[in-house]
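Listed here are the chains, written in short residue letters.
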Amino acid sequence: MSPLDVIRRDHAELTAIRRDFHTHPELGMEEHRTAEIVARKLESWGIEVHRGIGRTGVVGVLRNGSGNRAIGLRADMDALPIEELNDVAYRSTTKGVMHACGHDGHTTMLLGAAKYLAETRNFDGIVHFIFQPGEEGCGGALAMLEDGLFERFPCDAIYGMHNRPGMPVGEYGIRSGPTAAGGAFFDIVIGGKGAHGARPEASIDPVLTACHVTTALQSIVSRTLSPRDPAVVSVTKVVGGEAYNVIPQTATISGTARFFTREVGGQIEEGLRRVAAGVAAGFGATAEVDWRLIFAPTINDPKETDAYAEAAADLVGAANVARDNPPGMGSEDFSFMMEKVPGAYIHVGNGPGEMPHHPRYQFNDEAIPYGAALYARIVERGLNR
């Protein structure tokens, strides 16, 4: 019997778990309640549990047979600082915090796979269930890696997934190579000379300088990078001054950059520093740049991509698995794990609805069995008895 058919029997139970997580969301690196529920569920199914990996992360270990090959399955647990606007019985009860990216669903999918594999044990080897904190720019993947994730729980391959609104439930999308962009955050502090707003000649105006720097930064992608290298530089915040009649001493430009290789990310950083310093100097001002890599590019391993796609096809047929899914400019810190261990990342159809990070986004509970079954099936194929 297909894992999909077996897991569907637990659909009501898994839906209740997902909605409980949704009602009680927790921000990155603060997922104490979520992590404890995950750990207790795993223990109740006879799975070895390790708490506090990377602060609030949880790893479950399930062994069967005599094989030494190990597969890692990863899901993220954190919510976002968004006030929910959905009018549902299980809406968030935490003011200003919401599961607006579906991580409550991802966690539930991995729990469903863990329950199924613990019961059926149709594999020979080791499964590591990796419940990661702090995916939303909080450094959760790096925290787990720095805590010795793959030294303590070695994996030969690792797999992750994300729900995709707009893709029908029961379909999957994947591609080999770059599938999600790397991402960096930056702050540029423009240093000038403050003065009365009526006497601009006595100032070195950091606000005016910041405006020119912001415009010039758009030349990095259009004139510094190859047209064959997709990239984005977005200024999302310019802050300077607190009064109508005071030219401030400083102004700050903040934003994000996205790219599909670390090399291109380095070119953007170099260009950003050069442009900011040069334009600021032209106004007699200074520019101090703080560049922070938050996400590495997510690069799917060709072999593991094929394996994941075949596992999905086992469940829903090849026609329902898109194998050349377009890459997205969004980012995913699972990428740091895949820089250490070959793996693949797939999208699971979530049906119609708002995109993630929207206050009316809703995870579709009908997608739970498809995510859980795929996690289970890749283990059965990869650790074939």
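The structure displayed is predicted, hence computed values, not measured ones. (Residues numbered from 1 in each chain as written. Predicted model: local features only at pLDDT ≥ 70, side-chain atom pairs only at ≥ 80, totals over all residues. Heavy atoms only, no water.)

Peer 1: Tell me about the UniProt feature "domain: Peptidase M20 dimerisation" (unreviewed entry) in the protein chain, and name the residues and values.
Peer 2: As annotated by UniProt and renumbered to match this structure, "domain: Peptidase M20 dimerisation" (unreviewed entry) occupies residues 183–268. The distance from the first to the last C-alpha atom of residues 183–268 is 11 Å, and the span holds 29% helix and 37% strand. (UniProt positions renumbered as here; feature names shortened; annotations may be inferred. Helix = DSSP H or I, 4+ residues; strand = E, 2+ residues; numbered from the N terminus.)

Peer 1: An account of the side chain of D76 is needed here, citing residue identities and associated values.
Peer 2: With respect to the helices, strands and loops of the structure, D76 is situated in strand β3 (residues 70–76). In this structure the side chain of D76 is engaged in a polar contact, spanning 2.8 Å, whose partner is the side chain of H106. For D76, the contacting residues outside a window of four places in its chain are H103, H106, T107, Q132, E135 and E332. (Polar contact = N/O pair within 3.5 Å; in protein donor to acceptor, adjacent residues only side chain to side chain. Contact = heavy atoms within 4.5 Å.)

Peer 1: Can you tell me about the layout of surface pockets, naming the residues and giving the values?
Peer 2: Volume-wise, the largest pocket comes out at about 730 Å³. Taken together, 35 residues line the largest pocket, and the ones lying closest to its centre are C101, H162, G330, S331 and H357. The set of elements that each furnish at least two residues to the lining of the largest pocket consists of β5 (157–164), β7 (177–180) and β16 (343–349). In terms of residue count, β5 provides more of the lining of the largest pocket than any other element does, three residues in total. A per-class count over the lining of the largest pocket returns 16 nonpolar, twelve polar and seven charged. (1 Å grid on protein atoms, 1.4 Å probe; cavity = no way out; pocket = protein on both sides within 12 Å on 5 of 7 lines; lining within 4 Å. Points joined across faces, edges and corners; volume = space filled by probe spheres on them. Nonpolar A, V, L, I, M, F, W, Y, C, P; charged D, E, K, R; others polar.)

Peer 1: Describe the pattern of salt bridges, with residues and values.
Peer 2: Close approach of charged atoms allows side chains of opposite charge to pair. As enumerated under the stated definition, the model contains 24 salt bridges in all. A salt bridge links R74 to D333; its shortest N-O distance comes to 3.2 Å. Of this pair, R74 sits in strand β3 while D333 sits in the loop between β15 (321–322) and α11 (334–338), and the two are 259 residues apart along the sequence. Put simply, R18, R19, D104 and D365 are held in one network by salt bridges that share partners. (Salt bridge = Lys/Arg side-chain N within 4 Å of Asp/Glu carboxyl O.)

Peer 1: If you had to explain the sheet that holds strand β6 (residues 172–173) to someone new, which residues and values would you point to?
Peer 2: Hydrogen bonding along the main chain pairs the strands of a sheet, whether they run parallel or antiparallel. What the eight strands build is an open sheet, ordered β1-β2-β4-β3-β5-β16-β6-β15; its pairing is mixed. Since the sheet does not close on itself, it has two edges, and those belong to β1 (48–53) and β15, each with one partner. Pairing analysis gives four bridges linking β1 to strand β2 (residues 57–64), with the strands arranged antiparallel. Counted as the bridge partner of E48 is V61 from β2. On top of the sheet, helix α3 (residues 32–44) reaches β1, β2 and β4 (125–132); it is set at about 165° to β1, its chief contact. Strand contacts of helix α10 (residues 302–316): β5, β6, β15 and β16, with the helix running at about 35° to β16, the strand carrying the most contacts. (Pairing = 2+ DSSP bridges. Axes fitted to C-alpha atoms, helices over the stretch in contact; angles between N-to-C directions.)

Peer 1: Residue-level account of the side chain of R175, with values.
Peer 2: Relative to the elements of secondary structure, R175 occurs in the loop between β6 and β7. Under the relative-accessibility criterion, R175 is labelled buried at 19%. At 2.8 Å, the side chain of R175 forms a polar contact with the backbone oxygen of P178. Within polar-contact distance, the side chain of R175 engages the side chain of D324 at 3.1 Å. The residues touching R175, leaving out its near neighbours within four places in the chain, are N300, T305, R323, D324, N325, P326 and P327. (Buried < 20%, exposed > 50% of the residue type's maximum accessible area, 1.4 Å probe, protein only.)

Peer 1: Please provide a residue-by-residue account of the UniProt feature "binding site: Mn(2+)" (unreviewed entry) in the protein chain, values included.
Peer 2: According to UniProt, the feature "binding site: Mn(2+)" (unreviewed entry) maps to C101, H103, E136, H162 and H357 in the numbering used here. What stands out for the annotated residues spanning 257 residues is how close their C-alpha atoms remain, the widest pair being 13.3 Å apart. Cross-referencing the annotated residues with the largest pocket identifies C101, H103, E136, H162 and H357 as lining it. Summarising the element assignment, H162 is placed in strand β5.

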